[in-house]
Amino acid sequence: MLILLLVWVGRSWSLDLRISLFQEQLVDAMLFTSVDGDYSVETNRGPLGICPEGDSWYVVLRKDSLLIRDHAGAWHHGDELRFSAADEYGVFRLKPVLPLLASREYLSDLQVEISMNSLLMLNEIDMEKYIMGVSETEAGSKCELEYYKVQSILCRTFALKNFNRHEAEGFNLCDGVHCQAYKGRNIWNEDVEIGTEVTDGLVLVDEDSLLLNAAFHSNSGGETRGAEEVWLNGKNYLLPVLDPFSLNQPSARWRKSIPVNDWISYLQTKGIFLGDLQDTSLLEMHVKHRENYYRVALDSLLFLVIRDDLELRSDFFGISLQGDQVVLEGRGYGHGVGLSQEGAMEMARRSYHYTAILNYYYHQIQIIQYMFLEETGKLQIDMNNLP
Ligand SMILES: [Zn+2]
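Residues numbered from 1 in each chain as written. Predicted model: local features only at pLDDT ≥ 70, side-chain atom pairs only at ≥ 80, totals over all residues. Heavy atoms only, no water.

## Notes on the overall build of the protein
Point 1. Counting its regular elements, the protein contains 8 helices and 23 strands.
Point 2. Here the C-alpha coordinates of the protein stretch approximately 80 × 55 × 35 Å along the principal axes.
Point 3. Evaluated residue by residue, the protein yields a buried proportion of 51% over its 387 residues.
Point 4. Put simply, 66% of the contacts in the protein that link residues at least 6 apart link residues at least 24 apart.
Point 5. As presented, the protein carries roughly 18,000 Å² of accessible surface, and 48% of it is formed by carbon and sulfur atoms.
Point 6. Computed over 33 positive and 56 negative side-chain charges, the separation of the two mean positions in the protein equals 4 Å. (Helix = DSSP H or I, 4+ residues; strand = E, 2+ residues; numbered from the N terminus. Buried < 20%, exposed > 50% of the residue type's maximum accessible area, 1.4 Å probe, protein only. Contact = heavy atoms within 4.5 Å. Areas by Shrake-Rupley, 256 points an atom, 1.4 Å probe, with all protein chains shown as cover. Lys, Arg positive; Asp, Glu negative; His and termini not counted. Charge placed at Lys NZ, Arg CZ, Asp CG, Glu CD.)

## Things to note about helix H7 (residues 341-349)
Point 1. The buried count for H7 comes to 8 of 9 residues, which makes it a mostly enclosed element.
Point 2. Within H7, burial applies to Gln 341, Glu 342, Gly 343, Ala 344, Met 345, Glu 346, Met 347 and Ala 348.
Point 3. In this structure, the buried residues of H7 make contact with helix H2 (127-139), helix H3 (145-161), strand S15 (216-217), strand S21 (339-340) and helix H8 (354-361).

## A look at the coordination of the zinc ion
Point 1. At this site the zinc ion is bound by His 166 (NE2), Cys 174 (SG), His 178 (ND1) and Cys 179 (SG), with donor distances of 2.0 to 2.3 Å.
Point 2. Given 4 donor atoms and angles of 101 to 121 degrees at the metal, the environment of the zinc ion is assigned as tetrahedral.
Point 3. Along the chain, the residues donating to the zinc ion fall in the pattern H-x7-C-x3-H-C. (Donors = N, O, S within 2.8 Å, 3.2 Å for Na, K, Ca; no water. Tetrahedral: all angles 85-135°; square planar, octahedral: opposite > 155°, others 65-115°.)

## Here's the deal with the layout of surface pockets
Point 1. As a volume, the largest pocket reaches approximately 560 Å³.
Point 2. Considering the residues around the largest pocket, the lining is formed by 24 residues, among which Glu 138, Val 177, Cys 179, Phe 216 and His 335 are closest to the centre.
Point 3. Only H3 and S15 provide two or more residues apiece to the lining of the largest pocket.
Point 4. Considering each element in turn, the lining of the largest pocket owes the most residues, 3 residues, to H3.
Point 5. Among the residues forming the lining of the largest pocket, the class breakdown is 11 nonpolar, 9 polar and 4 charged.
Point 6. Empty space within the second largest pocket amounts to approximately 250 Å³.
Point 7. As for the second largest pocket, its lining consists of 14 residues, and the residues nearest its centre are Gln 23, Ser 115, Met 116, Ser 118 and Leu 120.
Point 8. Among the elements that make up the lining of the second largest pocket, the one with the highest residue count is strand S12 (residues 118-126) (4 residues). (1 Å grid on protein atoms, 1.4 Å probe; cavity = no way out; pocket = protein on both sides within 12 Å on 5 of 7 lines; lining within 4 Å. Points joined across faces, edges and corners; volume = space filled by probe spheres on them. Nonpolar A, V, L, I, M, F, W, Y, C, P; charged D, E, K, R; others polar.)

## Details of the sheet that holds strand S20 (residues 325-331)
One key point about sheets: their strands pair by backbone hydrogen bonds, in either a parallel or an antiparallel sense.
Point 1. Spatial strand order, S16-S20-S19: 3 strands in an open sheet with antiparallel pairing. Looking at the sheet topology across the chains shown, the edges are occupied by strand S16 (253-259) and strand S19 (317-322). Mean inter-strand twist for the sheet, computed between neighbouring axes without regard to direction, equals 20 degrees.
Point 2. In terms of strand pairing, S19 meets S20 through 6 bridges, oriented antiparallel. The residue of S20 that forms the bridge with Leu 321 is Val 326.
Point 3. On the sheet, helix H5 (residues 260-269) packs against S16, S19 and S20 and is oriented at approximately 90 degrees with respect to S16. (Pairing = 2+ DSSP bridges. Axes fitted to C-alpha atoms, helices over the stretch in contact; angles between N-to-C directions.)

## Quick notes on the pairing of S20
A regular strand places its side chains on the two faces of the sheet in alternate fashion.
Point 1. When you tally the buried positions in S20, you get 5 out of 7 residues, the bulk of the element.
Point 2. In terms of strand pairing, S16 meets S20 through 7 bridges, oriented antiparallel. Among the inter-strand pairings, Ser 257 is bridged to a residue of S20, identified as Val 327.

## Regarding the domain arrangement of the protein
How big an interface is tends to be stated in terms of accessible area lost as the parts join.
Point 1. Its domain assignment divides the protein into domain 1 (17-125) and domain 2 (253-331).
Point 2. Using only C-alpha atoms to locate each centre, domain 1 and domain 2 end up separated by 50 Å. (Domains from an automatic or database assignment.)

## Focus on the pattern of salt bridges
Point 1. Inspection of the entire model under this criterion finds 18 salt bridges.
Point 2. Residues Glu 124 and Arg 18 are paired through a salt bridge, measuring 2.5 Å at the closest nitrogen-oxygen approach. Note that Glu 124 is positioned in strand S12 and Arg 18 in strand S1 (residues 16-21), a separation of 106 residues in sequence.
Point 3. For Glu 124, a relative accessible area of 18% puts it in the buried group.
Point 4. Taking the relative accessible area as the measure of exposure, Arg 18 reaches 24% and is therefore partly exposed.
Point 5. For Lys 149, the salt bridge identified is with Glu 146, shortest N-O distance 2.9 Å. Of this pair, Lys 149 and Glu 146 both sit in helix H3, 3 residues apart, which is roughly one turn of the helix. (Salt bridge = Lys/Arg side-chain N within 4 Å of Asp/Glu carboxyl O.)

## Re unusual backbone geometry
Point 1. Residue Pro 99 is bonded to the preceding Leu 98 through a cis peptide linkage, with omega at -5 degrees.
Point 2. On the secondary structure map, Pro 99 appears in the loop between strand S9 (91-98) and strand S10 (104-107).
Point 3. A positive phi angle is found at Phe 22, which is not glycine, with a value near 50 degrees.
Point 4. The phi angle at Glu 311 is positive, at roughly 55 degrees, despite the residue not being glycine.
Point 5. Within the secondary structure, Glu 311 is located in the loop between helix H6 (303-310) and S19.
Point 6. Exposure remark for Glu 311: the relative accessible area of 74% places this residue in the exposed category.

## What to know about the environment of Asn 186
Point 1. By the element assignment, Asn 186 lies in the loop between strand S13 (173-174) and helix H4 (190-198).
Point 2. In this structure the C-alpha to C-alpha distance between Asn 186 and Gly 49, which are 137 residues apart in sequence, comes to 27 Å.
Point 3. Discounting chain neighbours no more than four positions away, the residues touching Asn 186 are Arg 104, Glu 105 and Glu 136.
Point 4. One polar contact links the side chain of Asn 186 to the main-chain amide nitrogen of Glu 105, over a distance of 2.9 Å. (Polar contact = N/O pair within 3.5 Å; in protein donor to acceptor, adjacent residues only side chain to side chain.)

Structure, rendered in structure tokens:
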């Protein structure tokens, strides 16, 4: 925990978030374990006591209230339950029991409420500590420090831009891919922490100083694409770039074989009339660069639609015939807009600075410091504090 100590001393401002945990599951029972430091426990009816380091409390939903068993075996009731860390370095483990899921570790506090007949488990946590968890979840443990800086800035920009996405439900962001994946802290890689710390408060804004929609994906396949080709709204900062850094990376290529007759049947379900197709080579389409449409016979079909229908890794692929199979030769992984994670990781390995990596994938951006004014509750951008 020494690194955390170094990281968190001397912060001049903070912003607390409420993150819904295990959002994609309906959890009816859970086990709370205090991993680092004691936790004080209280319900809306009053304090229940202390959960000492290493001990566990069990919480189960019974009708309309929470049934709580403490570490000594005594039972309690409540509608809301709160586990508060004794200090800012507190770590707890959360294990869903109904259904049984793998446990995860988190920093800071846990609030448990009832919502839609299941447990609503909220991690109340400082923004920068949350960013460490998202960065670890997104990037894993094997990246260069420079890449963790990039990932932290992307995740922080997203978190601020979508700060009140779940306001109606009583929290800020969820931990699923609907917002950004957050599985807490389970690897404890020091570079994740340093990457967040040295970019403390830095976010991306466009020419008008508006927070970016900082889209990213796993691998561009060698070229990224403009936002307007995937979503309705184009952005000046989300333009296509040639991306040699993504080539020869783990997700650069994929391949899928489909029997010719199945392929023809699929095209017919999309309203494409092939008539009496004598020459099946007409099904082929070789692509050098990204294209929007698969042109077949006198008709066409969006690559995006094929990707969705067949759950392909990307919509960047060519189509060739091999015997009685149609072979999709694919490139990249993901929607292809904005930053390619594997490309950026390769740039970091080649010693590019994090600002150079961000400026490579996003156009006309500024990397600036945000500040949170507690008096007004508003976010403010400090233009004098550029990296
Ligand atoms: Zn969400």
